Amino acid sequence: MTIQYVFELLGTSLFAISGALIANEESKPDWFGVTFIGFVTAIGGGSLRDMLLGSYPLVWVSDVTFLYAILAGIFLSSIFYSLLLRLPKTLLLFDTLGIALFTILGTEKALGFGIHPVVASMMGMFSAVMGGVIRDVLTNRVPVLFQKEVYATACLAGGLLFVWLEHLGLNRDYNFILSGSLIVAIRIIAVNYGLSLPKFIREQPSKK
Amino acid sequence: MTIQYVFELLGTSLFAISGALIANEESKPDWFGVTFIGFVTAIGGGSLRDMLLGSYPLVWVSDVTFLYAILAGIFLSSIFYSLLLRLPKTLLLFDTLGIALFTILGTEKALGFGIHPVVASMMGMFSAVMGGVIRDVLTNRVPVLFQKEVYATACLAGGLLFVWLEHLGLNRDYNFILSGSLIVAIRIIAVNYGLSLPKFIREQPSKK
Amino acid sequence: MTIQYVFELLGTSLFAISGALIANEESKPDWFGVTFIGFVTAIGGGSLRDMLLGSYPLVWVSDVTFLYAILAGIFLSSIFYSLLLRLPKTLLLFDTLGIALFTILGTEKALGFGIHPVVASMMGMFSAVMGGVIRDVLTNRVPVLFQKEVYATACLAGGLLFVWLEHLGLNRDYNFILSGSLIVAIRIIAVNYGLSLPKFIREQPSKK
């Protein structure tokens, strides 16, 4: 429980860092704008999941520690700004660990509401990716979710593995590590080899 | 009840098809992106209505059949993609039947919460049109809602007729058909004759 | 109570006017589009706050008077359109009074949920500014929130002052006036002197 709580705070902080960096890259906003977008990136996915589930109070509303974790992340990203930009692989790793963690925790929480396992996996994926979607919408960009290499798909796959292994009765901690690793593995492999999902329609019918 | 359930699933499926087609037209995303946008288009309006009403659990969260209806719609729109694009009038009819159905069902559900009939009609309209608004926001477009011919207005008119006839004590099924037909009629006439609502301000004051 | 209710209605109406004017400036939509955007601007911030708090029913859902206040605002902004555009300072004053009122009322409401005072201040700020953010997202613009002079920051400062003075035991009405005045003062001074918050990163590291 305590380790999980620390991980959750850490994941929130990492998401705030990625939000702050991307916000700054875009439009050079002031401190408030960066903090706001970092905050929304960090809590958006989990908040949407909880609002879809009707799970109140929201985590960050009832526990101010999450707010401090976000502010710490944004402060750190200000101090180590140049360094972070020079370490894209480290950032990618952080981000990947963050989405893996959020997916599994979100899936597990949704399962606790007694909903269908496939819907629970979607809730897990939402936890991980919707903060970034909201960030992109606020900064007026097409969400990277719809353009980038296998990203949300990796989360969904991990969530589905989790609910399946849970159904089979696997020990929860092993399941956590296995399903999380699947997300990390898919994401890292997809980025390294430039893999992407097939296009919905390969040829334009108008060109026929 | 059973017929209504089938209609709801069918409407959800039709909305997913229209979402998938529009998503693909825009930015040629991969399978995941198209499915995601189709899903959001299909469940966005009803989910927003329920979250505004505080009506939990959301329909698609508690009943996985809606998810299957969406996936079926997206699968069909992949197979019949060229055909569908060649049948814009059929698509328009499907879409119009979908918004009529969603408006009346949404208005009726909102009325069940004991809220003011005018607000209930707005909730019905939201059920029908907000999925498309969310789809447009996610694909970084100005919602067609704010540009297109009498669209949401038709829904609002149908919702208002429904609550009025309900108030007068008309049999619910007759009311359903009458109010739904009003929506279909307004929409079809508006499209056929290129009707639109008056502009908010006709002349630019700066040009005076 | 009654005075506060009148103020709330007035604030809602003012927000609808500002929403309608900005919507019309953008894309010359029809009456429905302007009304829709005015409505969303007016109730968006408070609705988001209540949905984050899980506070149901939403104010405008249970009390149709707010809808009438919005419609009145939009009707007035249609009649006095040219006049309003010629009085930008008056508009600014209205807007500033509106955000001050909404921030303090929102902070107070959030405090009633027993949440941390800093989170309550954020909820107050959300009440004031998120309606405008949603309006900007719907009209496909980067939210002014992330570009404009000290705006949301003024709200946050006022909210924090309110929870602090509340903690110190100050009479609620005095507190209301004091904290609200701080918001108005910061905003007016910032606009008059063209003040803005420091950029998150002053120099581009890539230019070094």
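Please refer to the structure higher up on the page.
Quick caveat, the model's predicted, so the values are computed rather than measured. (Residues numbered from 1 in each chain as written. Chains lettered and ligands numbered in written order. Predicted model: local features only at pLDDT ≥ 70, side-chain atom pairs only at ≥ 80, totals over all residues. Heavy atoms only, no water.)

Asks: How should the overall build of chain A be read in this particular structure?
Replies: Within chain A, the regular secondary structure consists of nine helices and zero strands. With respect to the principal axes defined by its C-alpha atoms, chain A has extents near 55 × 50 × 30 Å. Within chain A, buried positions represent 53% of all 208 residues. When contacts within chain A are restricted to residue pairs at least 6 apart in sequence, long-range pairs at least 24 apart make up 73% of them. As displayed, chain A has an accessible area near 9000 Å², and 67% of this comes from carbon and sulfur atoms. Each charge class in chain A can be summarised by its mean position, and for the 14 positive and 13 negative side chains these summaries are 10 Å apart. (Helix = DSSP H or I, 4+ residues; strand = E, 2+ residues; numbered from the N terminus. Buried < 20%, exposed > 50% of the residue type's maximum accessible area, 1.4 Å probe, protein only. Contact = heavy atoms within 4.5 Å. Areas by Shrake-Rupley, 256 points an atom, 1.4 Å probe, with all protein chains shown as cover. Lys, Arg positive; Asp, Glu negative; His and termini not counted. Charge placed at Lys NZ, Arg CZ, Asp CG, Glu CD.)

Asks: Would you mind showing me how to read the side chain of Arg141(A) here?
Replies: Structurally, Arg141(A) is set in the loop between helix H7 (117-138) and helix H8 (152-168). Residue classification places Arg141(A) among the buried residues on the basis of a relative accessible area of 18%.

Asks: Would you explain the relation of the copies chain B and chain A in this entry?
Replies: Taken together, a rotation about one axis and a shift along it account for how the two chain copies relate. Superposing chain B onto chain A requires a rotation of 120° together with a translation of 0.0 Å along the rotation axis, leaving an RMSD of 0.0 Å. Those values place the two copies in the arrangement expected of a three-fold rotation axis. (Least-squares fit on C-alpha atoms with pLDDT ≥ 70 in both.)

Asks: Is there a simple way to think about the interface of chain B and chain A in this case?
Replies: Accessible area lost on assembly of the parts is the figure often given for the size of an interface. Counting residues at the interface gives 30 residues for chain B, matched by 33 residues for chain A. Carbon and sulfur atoms supply 74% of the area buried between chain B and chain A, which totals about 2800 Å² over both sides. Applying the counting criterion to the chain B and chain A interface returns zero salt bridges. Where the side of chain B that touches chain A is concerned, the elements lending two or more residues are helix H1 (2-27), helix H2 (31-53), helix H3 (59-62), helix H4 (65-79), helix H5 (81-85) and helix H7 (117-138) of chain B. It is H2(B) that contributes the most residues to the side of chain B that touches chain A, eight residues altogether. (Buried area = accessible area lost by both parts, 1.4 Å probe. Salt bridge = Lys/Arg side-chain N within 4 Å of Asp/Glu carboxyl O.)

Asks: Before we go on, may I ask you to explain the relation of the copies chain C and chain A in this structure?
Replies: Rotating chain C by 120° and moving it 0.0 Å along the rotation axis overlays it on chain A with an RMSD of 0.0 Å. Interface overlap between copies is the fraction of interface residues in one copy that are interface residues in the other; for chain C against chain A it is only 12%, indicating separate surfaces.

Asks: Is there a simple way to think about the environment of Asp95(A) in this case?
Replies: Here Asp95(A) is to be found in helix H6 (residues 88-111). A distance of 3.4 Å separates a polar atom in the side chain of Asp95(A) from a polar atom in the side chain of Tyr151(A). (Polar contact = N/O pair within 3.5 Å; in protein donor to acceptor, adjacent residues only side chain to side chain.)

Asks: Could you clarify how one ought to interpret the pattern of salt bridges in this entry?
Replies: Close approach of charged atoms allows side chains with opposite charge to pair. This structure, assessed with the given rule, holds 21 salt bridges over all chains. Note that Asp136(A) and Arg135(A) form a salt bridge whose closest N and O atoms lie 3.2 Å from each other. Between Asp136(B) and Arg141(B) there is a salt bridge, and its shortest N-O distance comes to 2.7 Å. The exposure class of Asp136(B) is buried, given its relative accessible area of 0%.

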